[in-house]
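# Structure assessment
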Amino acid sequence: MAAETTSKTAPAAETAIKASIDKIDEAATCLSQGKADEFFSSLWQNHQAAVINFGKTVLLAIIVLVIAYLLTKVVKKLIMKTADKVDSLDSSIGKLLFAIAKFGISLLTFLIIIDLFGVNTASVITVLGAAGLAVALAMKDSLSNIAAGLMLLFMRPYKVGDFVDCGSVTGTISELGLFSTIVTTLDGIFISVPNSTIFGSPIKNYSRNARRMANITVGISYSDDLPQAIDLFKKMMDENEQILKDPAPMVLVDLADSSVNLTLRFWASNDVYWDVYWGIKAQLKATIEDAGFSIPFPQRVITFANKES
């Protein structure tokens, strides 16, 4: 019975293939002879329903693409406006959320369009899932950077414009990305740091707090008047309007080998910190010399043993 069915099916398949080949040859002949009008007329008469259905499908696909494009614009506008309104969110989080939303819209649009053309989307999703797993295994280091980037964006140990020290890199944050963070050093060098490297290292953010403490140490001679020197330095810090009065500035005393070291400790606002720091340092030498104090140099006394003894 099976053999009989096969014998009947084979000639039918051969006939269909031969008919298709004949139609292709006929179309090629018409086009080669410059009979394009005749070819398209024949195509319309013989396959009118198929052409109409294909045109409807193409039109629907174009409509889906236009809707997806407009939806992407609307989603971008909403996400960016929301990110700008929420002060606690960094601008990079808005860009990240838009990138994820754009990818989702693009993937959904692709699946809808291929479904319109009769492609089995279930098998496509299966293939994409398997390909995604293979890519994930091959790019595990890159995925660790993405995971670290997400953690950094939501934990927000720093933001764009902050001056940070993370591991062996020190500079100003220029850009936050999923894979890496862009840092510009003090001497203007561009450094791209993988997010996993930053996330696994202690992060020192010099711009996070509103005020910072400074310690400046200067030495005076053991023969100088110590209480007078302390009063002099306290007065100098009190007269500086950029130094905060709370906590109050103080002078710490340390006895070194060749000098009495006085440490000026004060607090200043972060935005004027370095101006105050370098200004006090520049002022110290003239203040010490005007008061009659001296800044001693390191000295060492060497005693030679008497060879005769």
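What you see as residue numbers is a count from 1 along each chain, following the sequence as written. For this predicted model, a pLDDT threshold of at least 70 governs which residues receive local features, and a threshold of 80 or more governs which side-chain atom pairs are given and counted, while totals over whole chains, interfaces and linings are taken from all residues. For side-chain calculations, the full set of non-hydrogen atoms in the structure is used, while hydrogens and water are omitted.

## Quick notes on the sheet that holds strand β5 (residues 203–205)
Heads up, the rule is: The rule for pairing is simple: two strands pair if DSSP sees at least two bridges between them. Numbering of helices and strands starts at the N terminus; helices are DSSP runs of H or I of at least 4 residues and strands are runs of E of at least 2. Every axis in this analysis is a line fitted to C-alpha atoms, fitted for helices over the stretch in contact. Angles between the N-to-C directions lie between 0 and 180 degrees.
Pairing within the open sheet is antiparallel, and its 5 strands lie in the order β4-β3-β2-β1-β5. Strands with a single pairing partner mark the edges of an open sheet, and in this sheet they are β4 (190–194) and β5. Neighbour to neighbour, the strand axes of the sheet diverge by 40° on average, direction disregarded. Where strand β1 (residues 163–166) meets β5, 3 bridges bridge the pair, whose relative direction is antiparallel. Of the residues in β5, the one forming a bridge with valine 164 is asparagine 205.

## A word on the environment of threonine 72
Cut-off, in case you're wondering: Exposed residues in this analysis have more than 50% of their type's maximum accessible area, buried residues have under 20%, and partly exposed residues fall in between, with area computed by a 1.4 Å probe over protein chains only. Any two residues whose heavy atoms approach within 4.5 Å are treated as being in contact.
Counting through the fold element by element, threonine 72 comes out in helix α3 (residues 48–85). Classification of threonine 72 as buried rests on a relative accessible area of 17%. Sequence-wise, threonine 72 and alanine 101 are 29 residues apart; in three dimensions their C-alpha atoms are separated by 8.0 Å. Apart from residues no more than four positions distant in its own chain, threonine 72 is found in contact with Phe98, Lys102 and Ile105.

## What to know about the sheet that holds strand β7 (residues 250–255)
Here 3 strands make up an open sheet; going across it, the order is β6-β8-β7 and the pairing antiparallel. The open sheet has two edge strands, β6 (211–220) and β7, and neither has a second partner. Going from strand to strand, the sheet's axes swing by 25° on average, the running direction of each strand aside. Taken together, the 6 bridges between β7 and strand β8 (residues 260–269) define a ladder with antiparallel strand orientation. Across the sheet, residue methionine 250 finds its bridge partner in β8, namely arginine 265. Along the sheet face, helix α8 (residues 226–238) touches β6, β7 and β8 and points at about 15° away from the line of β8. Docked against the sheet, helix α9 (residues 273–290) engages β6 and β8, running at close to 20° with respect to β6.

## Section: the confidence of the model for the protein chain
Where the model shows low pLDDT, its predicted coordinates should not be examined in detail. Note the cut-off: What pLDDT reports is the predictor's confidence in each residue, on a scale of 0 through 100.
Mean pLDDT over the protein chain stands at 80; residues scoring 70 or higher make up 77%. Contacts from residues 1–9, a stretch scored under 50 in pLDDT, to residues over four places away or in other chains number 0 contacts.

## Some details on α8
We count it as follows: How far a helix is expected to stretch is found by multiplying one less than its residue total by 1.5 Å. What the arc covers is the set of directions going from the helix axis to the C-beta atoms.
Here α8 is 13 residues long and its end C-alpha atoms lie 18 Å apart, about the 18 Å a rise of 1.5 Å per residue gives. Buried within α8 we find Ala229, Ile230, Phe233, Met236 and Met237. Down the axis of α8, the buried side of the element spans an arc of 125°, and every buried residue falls inside it. In α8, the exposed residues that point more than 90 degrees away from the buried face are Pro227 and Lys235.

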